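Here are the chains, one letter per residue:
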Amino acid sequence: MPDLSFRHAEADDLPAIVDLLADDEIGATREDNSRPLAADYTEAMAAITAQEGNDILVGEIDGKVVACIQLTIIPGLARKGMKRAQIDGVRVSSRHRGKQIGTRVFKYAIEQARDAGCGLVQLTTDIRRPDAKRFYEALGFEETHAGMKLSF
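Residues numbered from 1 in each chain as written. Predicted model: local features only at pLDDT ≥ 70, side-chain atom pairs only at ≥ 80, totals over all residues. Heavy atoms only, no water.

Visitor: What should I look at first to understand unusual backbone geometry in this one?
Guide: A negative phi holds for most residues other than glycine; trans holds for most peptide bonds. A cis amide bond, omega -5°, links R35 with the succeeding residue P36. Of note, P36 is situated in the loop between α2 (25-30) and α3 (39-50). At R79, a residue that is not glycine, the phi angle is positive and equals roughly 60°. Note on placement: R79 falls in helix α4 (residues 78-81). Located in the positive-phi region is Q100, a residue other than glycine, with phi close to 70°. With respect to the secondary-structure elements, Q100 resides in the loop between β4 (83-92) and α5 (101-115). (Helix = DSSP H or I, 4+ residues; strand = E, 2+ residues; numbered from the N terminus.)

Visitor: Would you take a moment to explain the packing of aromatic side chains for this structure?
Guide: Each aromatic ring pair is described using two quantities: the centre-to-centre distance and the angle formed by the ring planes. The tally for this structure, following the rule as stated, stands at 6 aromatic pairs. For the ring pair F6 and Y108, a centre distance of 4.5 Å and an interplane angle of 10° mean the geometry is stacked. Residue F6 is found in strand β1 (residues 4-8), and its partner Y108 is found in helix α5; the two are separated by 102 residues along the sequence. The class of F6 is partly exposed, set by a relative accessible area of 25%. On the basis of an interplanar angle of 75° and a centroid distance of 5.6 Å, the ring pair of F106 and F135 is categorised as edge-to-face. Taken together, the residues span a long stretch of sequence, with F106 in helix α5 and F135 in helix α6 (residues 130-138) at a distance of 29 residues. For F106, a relative accessible area of 0% translates into the label buried. The rings of F106, F135, Y136 and F141 are connected pair by pair, giving a single aromatic cluster. (Phe/Tyr/Trp six-rings, centres within 6.5 Å; stacked < 30°, edge-to-face > 60°. Buried < 20%, exposed > 50% of the residue type's maximum accessible area, 1.4 Å probe, protein only.)

Visitor: Is there a simple way to think about the sheet that holds β1 in this case?
Guide: Sheets are built from strands that pair by backbone hydrogen bonding, the pairs being arranged parallel or antiparallel. The mixed open sheet is built from 5 strands, whose spatial order is β1-β2-β3-β4-β5. Among the strands making up the open sheet, the edge pair consists of β1 and β5 (118-123). On average, adjacent strands in this sheet sit at an angle of 25° to one another, irrespective of strand direction. In terms of strand pairing, strand β2 (residues 54-61) meets strand β3 (residues 64-74) through 8 bridges, oriented antiparallel. Residue pairing across strands places V58 opposite C68, the latter belonging to β3. (Pairing = 2+ DSSP bridges. Axes fitted to C-alpha atoms, helices over the stretch in contact; angles between N-to-C directions.)

Visitor: I would appreciate a short explanation of the nonpolar core in the present structure.
Guide: As a rule of thumb, soluble globular proteins bury nonpolar side chains together. I69, L71, I101 and F106 are the most contacted members of the largest nonpolar core, which has 22 residues in total. Contributions of two or more residues to this core are made by β2, β3, β4, α5 and α6. No other element matches α5, which puts 7 residues into this core. The residues touching I69, leaving out its near neighbours within four places in the chain, are D55, I56, L57, I87, D88, G89, V90, V105, F106 and A109. Grouped together as the second largest cluster of nonpolar side chains are 14 residues, L14, L37, M45 and V65 included. (Core = buried A, V, L, I, M, F, W, Y, C linked by side-chain atoms within 4.5 Å. Contact = heavy atoms within 4.5 Å.)

Have a look at this one:
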C-alpha cells in the first residue's frame, strides 16, 4: 500500500486538483485544465478557503497530489440542530486507482467530519458513475434520498 499522507489544500495545489477533476470521462467534459488555469478556479479556491467549515483535502504520495475531496461542514436546524458534512469533488488519479487510496481518503474525510461534530455525511453521485455508487455503498453509504439539481 503506498505511503499516503493527507493535508488541507493550498493555493499552489490548484493545478493538480483541477487535473484530478478532469481525469475521467465525465470530468473531462466539465473541467478545463489548460494552462494558465481559468480565473474561475482561483476565485473558487479563494472562496472555499475563506469560508469556515469548507475545505479541500488532498492526499499525497512522495509530495505529489494524487487525490482530492471537498468537505463542507453544514450547520443545520433539522435533526435537533445537527451538523452534517457534504462531500463533493472526489477524485483519485487514474494512475493510482485500485490501491485503496479512495477508501483512505474517505475515511480521513469522515474522521474530519466526526471531529467537527457532524452527525452524518452526505454526498451525491452522478448516475453515470455506477462504479462510484458501488464504492460509496461499500463504505457504508445508503441511498436514502433522491437528489435533484437545478442548473443555471
